[in-house]
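Chain by chain, the residues:
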Amino acid sequence: MSTLALPRRWHWLPRTLGMRLLLILAAGLLLAHALSFALLFYERAMATRGMMLAGMAQDVPLSVALLERLSPAERVEWLPQLQRRTYRYLLRPALPGTPLASDRARQVTALIDRSLGYRYALRPRAVSASPERYEVELTLADGQPLTLEVTPSLLPIARWLPWVLAAQVALLLACVWLAVRLATRPLAQLASAAERLDPAGGSIAMAQDGPLEVAQAARALNALQARVSAHVAERMQILAAISHDLQTPITRLRLRLEALDESEVQARLLDDVGQLGQLVREGIQYARSANVALGPAVRLDLPAFLGSLVDDYQDMGKPVQLGELAQVALQAHPQVLRRIVQNLVDNALAYAGSAEAGVRVEAGGRVCIDVLDRGPGIPEAALAAVLQPFHRLETSRGRETGGTGLGLAIAQQLTQALGGRLRLANRTDGGLRVTVELEAAQATPPGAV
Amino acid sequence: MSHTDHILVVDDDRDIRQMVGDYLRKNGLRVSLAADGREMKAALDTSDVDLVVLDVMMPGEDGLSLCRNLRAGKHRAVPVVLLTARDDETDRIIGLEMGADDYVTKPFSSRELLARINAVIRRTRMLPPNLQVSEAARLIAFGQWRLDTSARHLLDEDGTAYPLSGAEFRLLRVFVDHPQRVLSRDQLLNLTQGRDAELFDRSIDLLVSRLRQRLGDAAKEQAYIKTVRSEGYVFCQPVVLVGDPA
């Protein structure tokens with residue numbers, strides 16, 4: 001049972017921790033902000049209404065009493081002075097509206113009625129629902145109709161208020177983003193450092209600074225890497241030491257055998273000793289290939305490099321040919337590269353009888369050195385396994401081919417040491433293609449004269 | 001053949017030392033044995049040695065430092081064949097930089113060792129090294145090229161490396177070691193005879209034309225290697241020793 005995977009309904013969530021944190025924090029903060037603003041507005045509305053009602057209870061009877069005493073002509077002059085922010089007086093009957101709809105309007109009407117001592121018959125009419133507006137009509141002593149037009153409204157909001165609000169939200173989001181970044185960036189660095197971690201011990205230790213938790217994780221990772229490196233180094237040293245100490249007895253054995261009279265048995269024994277010697281030699285090579293001393297890099301002309309290598313094989317009478325030769329040079333360690341290609345060619349010669357070497361530039365600029373053969377190839381399922389040390393195919397590639405099962409493993413280790421990649425593929429028209437793929441960053445296009 | 005070559009075999013392993021000695025004696029050579037650097041020096045001081053076979057991995061002073069000291073002392077002209085434990089390019093380079101003339105990788109066959117011994121003796125006999133050049137300089141400059149003698153490649157003016165095959169390198173090395181000197185085809189064939197008799201069916205002429213191609217030397221101009229009719233070839237560029245490539 002996996003508890004790590006999110007249930008199906010959460011799948012819309014962003015995949016990165018950073019985005020999720022950002023989402024959660026931002027949503028929480030915005031919600032809290034909205035709530036506090038709602039509370040503020042509610043308080044303000046309540047306060048405004050309280051003020052309005054209190055004012056009305058004193059103001060309306062005074063105004064009505066004043067208007068009662070004035071002549072109709074004077075009333076018109078006085079009306080603007082009696083006007084308040086949320087209500088005004090009009091000398092006309094109320095508009096034909098509907099009965100009052102809201103509780104608040106009824107409350108206000110009752111308040112007016114009470115403040116006037118119930119001396120007038122009030123005729124309240126709702127005129128418009130939104131914005132809310134209602135009129136309360138009464139008849140003055142001299143028969144003139146007086147209408148109180150109420151337009152309840154909050155105190156107006158300052159124009160800058162929305163801007164402050166927006167600025168606040170932006171500030172919050174910026175802080176959230178910063179905090180999330182602070183928390184997740186060391187994680188990403190940690191992950192990339194762990195990815196670069198090289199068991200052979202070639203990689204640089206992680207910086208152990210930053211926040212405490214990150215520093216601890218980095219320290220732990222460094223310690224882990226040190227342990228892994230020590231392990232690998234120890235294994236390699238043992239392999240090298242054993243192989244190395246075997247050389248002296250094998251040399252003795254060989255010299256002794258050669259001193260014997262020539263016979264079929266002697267020839268077979270010499271053959272065995274030869275295989276033993278090769279195994280020991282390649283064991284040492286493999287042990288050292290994990291952290292090979294690269295030496296200085298030079299800009300290497302690849303066609304010349306392959307040409308000289310193939311010439312060497314041809315001089316020894318081996319059927320090795322040059323294939324496609326792209327004019328390309330790159331920063332490389334010639335000795336290591338030579339060892340890689342030699343191993344691949346030797347492998348092809350052992351299993352296919354002949355080989356072809358070439359260089360081409362792939363789309364994307366990667367430089368690929370190919371070693372091709374027309375042998376039986378390798379079953380697709382075993383392509384990865386043959387790169388393992390001491391792996392040998394049980395089928396046609398038997399013991400009589402004389403391989404130790406280390407050639408490809410050495411080539412792969414060395415290719416990795418150069419920062420490249422070794423690829424194996426069966427050719428569509430038969431045979432095997434082994435490709436040494438090298439970093440393109442250091443390659444230079446043709447044209448150097 | 002009045003002179004019998006005198007070989008000094010230096011190896012800390014008694015069995016190997018004696019078996020190598022027996023084999024070389026059986027093949028008509030005079031042999032002395034030494035177990036370490038002290039015995040080696042004593043043998044060199046008391047008798048004329050034509051060649052030293054020197055094991056690299058020895059307790060105490062190892063073969064590489066013995067070889068270097070030999071090159072610095074009064075026996076500097078004695079050729080040395082190293083017995084190395086690793087056939088790694090870097091080890092080969094170190095060995096040759098220490099002044100060894102050739103090397104054989106353990107476990108070796110006695111026949112292989114004898115072949116190397118004979119090749120080295122023949123080489124030094126036939127054409128004594130031009131001392132000015134053979135003082136183990138790492139870079140040799142001529143024309144528009146520099147030859148890196150350790151890494152065995154040519155460097156052009158931009159510093160781009162053009163590797164040479166073993167046979168090409170040996171031929172070029174003979175040429176730059178003996179500039180302005182006519183070398184016969186026989187001499188060249190013998191001097192460039194490498195391991196495994198690589199040049200078995202290749203004529204010197206073919207190798208020279210390959211080398212000219214590498215040098216960008218058109219056959220008509222012959223700016224580097226001139227053909228001397230009925231005599232051989234001559235390397236006609238002045239040669240300058242440069243320090244380390246770094």
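Calculation rules
Residues numbered from 1 in each chain as written. Chains lettered and ligands numbered in written order. Predicted model: local features only at pLDDT ≥ 70, side-chain atom pairs only at ≥ 80, totals over all residues. Core = buried A, V, L, I, M, F, W, Y, C linked by C-beta atoms within 7 Å. Buried ≥ 20, exposed ≤ 12 C-beta atoms within 10 Å, placed from the backbone. Helix = DSSP H or I, 4+ residues; strand = E, 2+ residues; numbered from the N terminus. Contact = placed C-beta atoms within 7 Å. Axes fitted to C-alpha atoms, helices over the stretch in contact; angles between N-to-C directions. Left-handed = near helix turned anticlockwise from the far one by under 90°. Nonpolar A, V, L, I, M, F, W, Y, C, P; charged D, E, K, R; others polar. Pairing = 2+ DSSP bridges. Parallel < 35°, antiparallel > 145°, perpendicular 65-115°, else oblique.

### Things to note about the nonpolar core
Note that soluble globular proteins tend to have their nonpolar side chains buried in a common cluster.
Moving on, step 1. Core analysis: the biggest nonpolar cluster contains 79 residues, and Val341(A), Val345(A), Ala357(A) and Val371(A) have the highest contact counts within it.
Moving on, step 2. Of the residues forming this core, the biggest block, eight residues, is contributed by helix H8 (residues 334–352) of chain A.
Moving on, step 3. Setting aside anything within four residues of it in sequence, one finds Ala357(A) in contact with Leu306(A), Leu309(A), Val310(A), Val320(A), Leu322(A), Gly323(A), Val341(A), Val345(A), Asp370(A) and Val371(A).
Moving on, step 4. Within the second largest apolar cluster, 34 residues are counted, among which are Met19(B), Ala34(B), Leu51(B) and Cys67(B).

### Let's talk about the packing of helix H5 (residues 110–126) of chain B against helix H8 (residues 185–192) of chain B
Packed helices, taken two at a time, are described by the angle between their axes plus the distance between the axes.
Residues and elements named next belong to chain B.
Moving on, step 1. Two elements in contact, H5 and H8, have axes whose closest approach is 9 Å; the angle formed by their N-to-C orientations is 145°. Crossing geometry of H5 relative to H8 is assigned as left-handed. Along the contact surface, H5 presents Arg122, Arg123 and Met126, while H8 presents Gln187, Asn190 and Leu191.
Moving on, step 2. Taken together, the residues of the contact of H5 with H8 break down into two nonpolar, two polar and two charged.

### Re the pairing of strand E7 (residues 145–148) of chain B
All names here are of chain B.
Moving on, step 1. Side-chain alternation along E7 places Trp145 and Leu147 on one buried face and Arg146 and Asp148 on a second face that is also buried.
Moving on, step 2. One ladder, built from three bridges, connects E7 with strand E8 (residues 153–155); its direction is antiparallel. Its bridge partner lying in E8, aspartate 148 is registered against histidine 153.

### Describing the sheet that holds strand E4 (residues 145–150) of chain A
Residues and elements named next belong to chain A.
Moving on, step 1. With antiparallel pairing, the four strands of this open sheet are ordered in space as E1-E4-E3-E2. Every other strand in the sheet has two partners, leaving strand E1 (87–90) and strand E2 (123–128) as the edge strands with one partner each. Strand after strand, the sheet turns through a mean of 25° between neighbouring axes, direction not considered.
Moving on, step 2. With five bridges joining them, E2 and strand E3 (residues 133–139) adopt antiparallel strand pairing. Looking at E3, one finds that serine 128 is bridged to arginine 133.

### Examining the packing of helix H5 (residues 212–259) of chain A against helix H6 (residues 264–289) of chain A
All names here are of chain A.
Moving on, step 1. Close contact between H5 and H6 brings their axes to 9 Å; oriented N to C, the two are set at 155°. Judged by the inter-axis angle, H5 sits roughly antiparallel to H6. The two elements H5 and H6 meet at a crossing, and its hand is left-handed. Contacts between H5 and H6 pair Met236, Leu239, Ala240, Ser243, His244, Leu246, Gln247, Ile250, Leu253, Arg254 and Leu257 from the former with Gln266, Leu269, Leu270, Val273, Leu276, Gly277, Val280, Gly283, Ile284, Ala287 and Arg288 from the latter.
Moving on, step 2. When its residues are assigned to classes, the contact of H5 with H6 shows 14 nonpolar, six polar and two charged.

### A word on the interface of chain B and chain A
Moving on, step 1. Each partner contributes to the interface: chain B provides 35 residues, whereas chain A provides 34 residues.
Moving on, step 2. The dominant element in the side of chain B that touches chain A, judged by the number of residues it contributes, is helix H1 (residues 14–26) of chain B, at six residues.
Moving on, step 3. Tallied by class, residues from the side of chain B that touches chain A come to 15 nonpolar, eight polar and 12 charged.
Moving on, step 4. Bridge count between strand E5 (residues 298–301) of chain A and strand E9 (residues 160–163) of chain B: two bridges; the pairing is parallel. For Arg299(A), the partnering residue across the bridge sits in E9(B) and is Thr160(B).

### Re the pairing of strand E8 (residues 355–361) of chain A
Residue and element names in this part refer to chain A.
Moving on, step 1. Bridge analysis of strand E6 (residues 320–325) against E8 gives four bridges, and the strand direction is parallel. Paired with leucine 325 across the two strands is valine 359, which belongs to E8.
Moving on, step 2. The pairing of E8 with strand E9 (residues 367–372) spans six bridges and is antiparallel. The partner of glycine 358 across the bridge, within E9, is aspartate 370.
Moving on, step 3. Taking the residues that link successive antiparallel strands as the turn, the E8-E9 hairpin has five residues, and the phi of glycine 364 there is positive, at about 100°.

### Some details on the sheet that holds strand E3 (residues 51–55) of chain B
Residues and elements named next belong to chain B.
Moving on, step 1. Taken in spatial order, the five strands line up as E2-E1-E3-E4-E5 in an open sheet, and their pairing is parallel. Among the strands making up the open sheet, the edge pair consists of strand E2 (30–34) and strand E5 (102–105). Neighbour to neighbour, the strand axes of the sheet diverge by 20° on average, direction disregarded.
Moving on, step 2. Where strand E1 (residues 6–10) and E2 come together, five bridges link them in parallel fashion. Counterpart to valine 10 in the pairing with E2 is alanine 34.
Moving on, step 3. Across the sheet, H5 lies against E1, E3, strand E4 (80–84) and E5, angled at about 180° from E5, the strand it touches most.

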